[in-house]
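Structural characterization, general
Each chain is listed here by its residues.
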Amino acid sequence: MNLLDYRPGSTVVHRAPLWAKYVVLLVLSAVLVFWRHPVVVAPVLAVVFMLYLVAALPRDFLAPWRRGWPLLLFAGVARFISGIWGPTAAPPLEALGPALVVVAAVFGALAAARLLVITTPGTELLDGLESFFRVLRPIGVHPGAAALAVNVMIRSIPWVGGAVRRNAEALASRGLRRGPVRLMGPVLVATVGHARATGEALAARGLPADAESTDAASADAG
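Quantities reported herein were computed from a predicted structural model and do not represent experimental measurements.

Quick notes on the rules
Residues numbered from 1 in each chain as written. Predicted model: local features only at pLDDT ≥ 70, side-chain atom pairs only at ≥ 80, totals over all residues. Heavy atoms only, no water. Helix = DSSP H or I, 4+ residues; strand = E, 2+ residues; numbered from the N terminus. Buried < 20%, exposed > 50% of the residue type's maximum accessible area, 1.4 Å probe, protein only. Contact = heavy atoms within 4.5 Å. Areas by Shrake-Rupley, 256 points an atom, 1.4 Å probe, with all protein chains shown as cover. Axes fitted to C-alpha atoms, helices over the stretch in contact; angles between N-to-C directions. Parallel < 35°, antiparallel > 145°, perpendicular 65-115°, else oblique. Left-handed = near helix turned anticlockwise from the far one by under 90°. Nonpolar A, V, L, I, M, F, W, Y, C, P; charged D, E, K, R; others polar. Phe/Tyr/Trp six-rings, centres within 6.5 Å; stacked < 30°, edge-to-face > 60°. Core = buried A, V, L, I, M, F, W, Y, C linked by side-chain atoms within 4.5 Å. Patch = residues over 30% accessible without salt bridge, like charges linked within 9 Å, V, L, I, M, F, W, Y side chains within 5 Å. Salt bridge = Lys/Arg side-chain N within 4 Å of Asp/Glu carboxyl O. Lys, Arg positive; Asp, Glu negative; His and termini not counted. Charge placed at Lys NZ, Arg CZ, Asp CG, Glu CD. Polar contact = N/O pair within 3.5 Å; in protein donor to acceptor, adjacent residues only side chain to side chain.

Another point: the overall build of the chain. Regarding its fold elements, the chain presents 9 helices and 0 strands. Starting at the N terminus and walking to the C terminus, you meet the elements of the chain as α-α-α-α-α-α-α-α-α. Residues classed as buried in the chain amount to 30% of the 222 residues present. Summarising the internal contacts of the chain: among those between residues at least 6 apart in sequence, 64% fall at separations of at least 24. In the form shown here, the chain has an accessible surface area of approximately 13,600 Å², with 71% of it arising from carbon and sulfur atoms.

Structural data, given as structure tokens:
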């Protein structure tokens, strides 16, 4: 099951306008990024879980943990190491607390972002992104191409997580230790192959259409 599959529904969260969802996501993510403290992160996680309850999707709350554990583990280990050997070195037990807070903050941001995606149809998400990027057209940004790129990037995240899991299982089946060094090479190669296949599939469908063709089609329709 794709981490980002749309879950149809008629709840308040599903029916909320896209701009309101983006505002809530921005506020929650900003709080988690800039105020990484237990007394802040814990209430924000509670708010995110309440939104899942309102959306009638409580079982999906932990999906980012089940599928995105490599990213969460990396964030926690990186923060733990920086706490031990950083400018203000701390004992391991003292460095463990901030590392766990970082893991919780990253998880909260992923869960909030995922809730937006799974309660919003893909076409609506793409239209919203295109409307945002249309503001940047004067500096050479093609709204349709930029929106499509972001959409593909978001939906590739669970694929990369799956690649990590598959390669880890392959190493374990051969009796090899599942270290990050052994995983990095195969996952990188698989990710590049996935990116090329995605690009070829989009090109075969004529996506993204160039700006001149889009403008000409709009003019003809008018």
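What follows picks up the thread again.
On to the packing of helix H3 (residues 38-54) against helix H5 (residues 92-118). Pairs of packed helices are described in terms of their axes, by the angle between the two and the distance that separates them. Relative orientation of the contacting elements H3 and H5 amounts to 25 degrees, with a least axis distance of 10 Å. Here H5 runs roughly parallel to H3, going by the angle between their axes. Once H3 is placed against H5, the crossing between them reads as left-handed. Between H3, through Pro 38, Val 41, Leu 45, Val 48, Leu 51 and Tyr 52, and H5, the contact on the second element is made entirely by Val 101, Ala 104, Ala 105, Phe 107, Gly 108, Ala 111, Ala 112, Arg 114, Leu 115 and Ile 118. Residues that form the contact of H3 with H5 fall into these classes: 14 nonpolar, 1 polar and 1 charged.

Turning to the packing of aromatic side chains, a few remarks are in order. On inspection of all chains with the given rule, the structure shows 4 aromatic pairs. Judged by centre distance (6.4 Å) and plane angle (75 degrees), the rings of Phe 34 and Trp 35 are edge-to-face. For Phe 34, a relative accessible area of 63% translates into the label exposed. On the accessibility criterion, Trp 35 (51% relative accessible area) is exposed. Aromatic rings pair up to connect Phe 49, Tyr 52, Phe 61 and Phe 107 into one cluster.

Turning next to the nonpolar core. Counting residues in hydrophobic clusters, the biggest one holds 25 residues, and the most contacted among them are Val 41, Val 48, Tyr 52, Phe 61, Phe 107, Ala 111 and Leu 115. Of all elements in the fold, only helix H2 (18-34), H3 and H5 reach the threshold of two or more residues within this core. When sequence neighbours within four positions are dropped, the list of residues in contact with Ala 111 reads Val 48, Tyr 52, Phe 61 and Pro 64.

With that out of the way, let us pick up the environment of Val 12. Within the fold, Val 12 resides in helix H1 (residues 12-15). Expressed as a C-alpha distance, the spacing of Val 12 and Ala 55, which sit 43 residues apart in the sequence, is 6.9 Å.

Turning to a positive patch on the surface, a few remarks are in order. A cluster of basic residues, Arg 66, Arg 67, Arg 165 and Arg 166, forms a positive patch at the surface. Elements that contribute at least two residues to the positive patch include exactly helix H4 (63-85) and helix H7 (143-173). The residue Arg 66 is located in helix H4 in this model.

Together, Trp 69, Leu 73, Val 77, Ile 81 and Trp 85 give the surface a local cluster of nonpolar side chains, amounting to about 530 Å² of exposed area. With relative accessibility at 66%, the residue Trp 85 sits in the exposed group.

Among the structural elements, Leu 18 can be located in helix H2. The exposure class of Leu 18 is buried, given its relative accessible area of 12%. With 111 residues separating them along the chain, Leu 18 and Leu 129 place their C-alpha atoms 10.0 Å apart.

On the secondary structure map, Thr 119 appears in the loop between H5 and helix H6 (122-134). For Thr 119, the side chain forms a polar contact with the main-chain oxygen of Leu 115, separated by 2.6 Å. Discounting chain neighbours no more than four positions away, the residues touching Thr 119 are Tyr 6, Val 13, His 14, Lys 21, Ala 55 and Leu 57.

Applying the stated criterion across every chain yields a total of 2 salt bridges. The residue Arg 7 makes a salt bridge to Asp 60 at a minimum N-O spacing of 3.2 Å. You can see Arg 7 sitting in the segment before H1 and its partner Asp 60 sitting in the loop between H3 and H4, a full 53 residues away along the chain. The exposure class assigned to Arg 7 is buried, which follows from its relative accessible area of 14%. Relative accessible area serves as the criterion here: at 13%, Asp 60 is assigned to the buried category. For Arg 114, the salt bridge goes to Asp 60, with nearest N and O atoms at 3.3 Å. Of this pair, Arg 114 sits in helix H5 while Asp 60 sits in the loop between H3 and H4, and the two are 54 residues apart along the sequence.

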